[in-house]
Amino acid sequence: MAICITCTHPISHLYTVYESAYNLRLEQCSRCLKFADPYVEHDSLTLLLDLILLKREVYRHLIYNRGTEPRKALGKSKTGLEGSQEGADKLAATKSRQRQKDRWWLILKLACGLITVDAFIRWAQLNPQISADVSRWTVETNIVFLRILIGCLIETFAFHGGVMFASYFVLALSDFFRSKSTSPVEISGVRQQFKFSLVPLTIFYSSLTKLFLLFLLTIWRPSASKPGGSPYYWDPSYYSSPLVTRALEIWDEDKLDREWVVRNVLGGMATGFGLRVVLDCHPVFTTVVILVGWLAKTVVAGFLKNWVGGDEHSGDKWMAYSIP
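Looking at an unreviewed UniProt entry, the chain carries the name Protein ARV, with the source organism given as Suillus subaureus. In the Sequence similarities (unreviewed entry) part of its UniProt record, the chain is described as follows: "Belongs to the ARV1 family."

Enquirer: So, the packing of helix α1 (residues 44-52) against helix α7 (residues 198-219): which residues are in play, and what are the values?
Expert: Packing of α1 against α7 leaves a shortest axis separation of 8 Å and a crossing angle of 80°. It follows from the interaxial angle that α1 and α7 lie roughly perpendicular. Only Tyr-205, Leu-208, Thr-209 and Phe-212 of α7 make contact with α1, whose side of the interface consists of Leu-48, Leu-51 and Ile-52. Class assignment for the residues of the contact of α1 with α7 results in 6 nonpolar, 1 polar and no charged.

Enquirer: Account for the side chain of Arg-122, with residues named and values stated.
Expert: Its location among the elements puts Arg-122 in helix α3 (residues 85-126). Within polar-contact distance, the side chain of Arg-122 engages the side chain of Glu-155 at 3.0 Å.

Enquirer: Could you give an account of the environment of Leu-211, naming the residues involved and the relevant values?
Expert: Assignment of secondary structure puts Leu-211 in helix α7. Distance in space between the C-alpha atoms of Leu-211 and Val-262 is 8.6 Å, their sequence separation being 51 residues. Filtering out sequence-adjacent residues up to four positions away, Leu-211 remains in contact with Leu-114, Asp-118 and Ile-121.

Enquirer: Tell me about the environment of Gly-189, and name the residues and values.
Expert: Looking at the secondary structure, you find Gly-189 in helix α6 (residues 189-192). In this structure the C-alpha to C-alpha distance between Gly-189 and Tyr-64, which are 125 residues apart in sequence, comes to 9.8 Å. Excluding residues within four positions of it along the chain, Gly-189 makes contact with Ile-3, Thr-8 and Pro-10.

Enquirer: Break down the pattern of salt bridges for me, with residues and values.
Expert: Summed over all chains, the structure comprises 6 salt bridges. Close ionic contact of Arg-25 with Glu-27 constitutes a salt bridge, the shortest N to O distance being 3.8 Å. A salt bridge links Arg-191 to Asp-175; its shortest N-O distance comes to 2.8 Å. Here Arg-191, found in helix α6, pairs with Asp-175, found in helix α5 (residues 139-180); they are 16 residues apart in sequence, far enough to count as distant. Since its relative accessible area comes to 13%, Arg-191 is described here as buried. We classify Asp-175 as partly exposed; its relative accessible area is 36%. When salt bridges with common partners are traced through the structure, they connect Arg-25, Glu-27 and Arg-71 into a single cluster.

Enquirer: Mind laying out the nonpolar core, listing which residues take part and the relevant values?
Expert: Counting residues in each nonpolar core, the largest one holds 54 residues, and the members touching the most others are Tyr-64, Ile-148, Tyr-205, Leu-275, Val-278 and Leu-279. For this core, the secondary-structure elements that each account for two or more residues are α1, α2 (56-65), α3, α5, α7, α9 (258-279), α10 (283-309) and α11 (312-320). Leave out the neighbours within four places in its chain, and Tyr-64 touches Ile-3, Tyr-59, Arg-99, Val-190, Gln-193, Phe-194, Leu-198 and Val-278. Listed in part, the 7 residues of the second largest apolar core include Ala-2, Tyr-15, Val-17 and Leu-26.

Enquirer: Please provide a residue-by-residue account of a nonpolar patch on the surface, values included.
Expert: Together, Leu-146, Ile-150, Leu-153, Ile-154, Phe-157 and Trp-307 line one region of the surface with nonpolar side chains, adding up to about 560 Å² of accessible area. If you tally residues by element for the nonpolar patch, the top one is α5, at 5 residues. Relative to the helices and strands, Leu-153 is located in helix α5.

Enquirer: How would you explain the sheet that holds strand β4 (residues 24-26) if you had to name every residue and give the values?
Expert: Pairing within the open sheet is mixed, and its 3 strands lie in the order β4-β3-β5. At either margin of the open sheet sits one strand with a lone partner, and together these are β4 and β5 (71-72). Here strand β3 (residues 15-17) pairs with β5 via 2 bridges, running parallel. By the bridge assignment for β5, Val-17 is matched with Lys-72.

Enquirer: Could you give me a rundown of the packing of aromatic side chains, with the residues and numbers involved?
Expert: In total, this model carries 8 aromatic pairs according to the counting rule given. Aromatic side chains Tyr-59 and Phe-273 sit 5.6 Å apart centroid to centroid with 70° between the ring planes, which places their arrangement in the edge-to-face category. Highlighted residues: Tyr-59 in helix α2 and Phe-273 in helix α9, separated in sequence by 214 residues. With relative accessibility at 1%, the residue Tyr-59 sits in the buried group. A relative accessible area of 21% means that Phe-273 is categorised as partly exposed. Seen in terms of ring centroids, Tyr-168 and Phe-169 are 5.5 Å apart; in terms of plane orientation they differ by 85°. Their pairing is edge-to-face. A relative accessible area of 48% means that Tyr-168 is categorised as partly exposed.

What counts and what doesn't
- Residues numbered from 1 in each chain as written.
- Predicted model: local features only at pLDDT ≥ 70, side-chain atom pairs only at ≥ 80, totals over all residues.
- Heavy atoms only, no water.
- UniProt positions renumbered as here; feature names shortened; annotations may be inferred.
- Axes fitted to C-alpha atoms, helices over the stretch in contact; angles between N-to-C directions.
- Helix = DSSP H or I, 4+ residues; strand = E, 2+ residues; numbered from the N terminus.
- Parallel < 35°, antiparallel > 145°, perpendicular 65-115°, else oblique.
- Contact = heavy atoms within 4.5 Å.
- Nonpolar A, V, L, I, M, F, W, Y, C, P; charged D, E, K, R; others polar.
- Polar contact = N/O pair within 3.5 Å; in protein donor to acceptor, adjacent residues only side chain to side chain.
- Salt bridge = Lys/Arg side-chain N within 4 Å of Asp/Glu carboxyl O.
- Buried < 20%, exposed > 50% of the residue type's maximum accessible area, 1.4 Å probe, protein only.
- Core = buried A, V, L, I, M, F, W, Y, C linked by side-chain atoms within 4.5 Å.
- Patch = residues over 30% accessible without salt bridge, like charges linked within 9 Å, V, L, I, M, F, W, Y side chains within 5 Å.
- Areas by Shrake-Rupley, 256 points an atom, 1.4 Å probe, with all protein chains shown as cover.
- Pairing = 2+ DSSP bridges.
- Phe/Tyr/Trp six-rings, centres within 6.5 Å; stacked < 30°, edge-to-face > 60°.

So this is what it looks like as structure tokens:
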């Protein structure tokens, strides 16, 4: 069952289709009286932009409402099962299983694409000279890239496993406190429709923001010289205040590792935000879940760093981008 992306109230259908798929009417939520999910009319580019901007509503649309069937105003059933309650239950169970399979297939496709992009970014960070000159690509480069790809795959499994392990205990603890509460607590639509397959899907959706910015930093590195060839230089006498000078010096390339900040700080915040939506729990619990996932990833990275990096320097650099 779908949910309202504003108040998370369960709703049977998001929109009604009349004579064609382009002739539809959005359903109104019975609780908040707003459209249940306006994103059904938006294109993929709008969804991607709102996902990068970390909008809660687009997460709810993609995780819970994507792929739900509309109500059909015209036409008869082709299955013949809707005549009885038993037939309707069988049809609903069949659709639920098919939707679960489609969700896992989507997770697999996202994993293949995003892990490959992450491996390319890691490889470009470890081999900046080769990534800037394609002509220097050799068979040895392919072997190095394959090692990095396998390392990213193993790290991803470790992070997802740690997050799902922590999520199970967090939800169990939340249900325990809810059962001990003296006053009745209403269960939100998010918790009613929760499946553990939604956790890896949410993590992959959340990583789009991090990987998008990292990919831009990889292919568009800051230049050390002006377009005319003269080098950039920092003139501290331009500002009279030493406090302003020290504050601006923090952003220097040799003092601020932008890739580390984007990967760990922004990436952790995006993942925490996504898990906050899907788990529907207190932010403290979400932070604990992220820390457990980071811990599992750090342990695995410690075993992989020498094999993936090839030497101690590259291994330490791999480890630096694997831990918070």
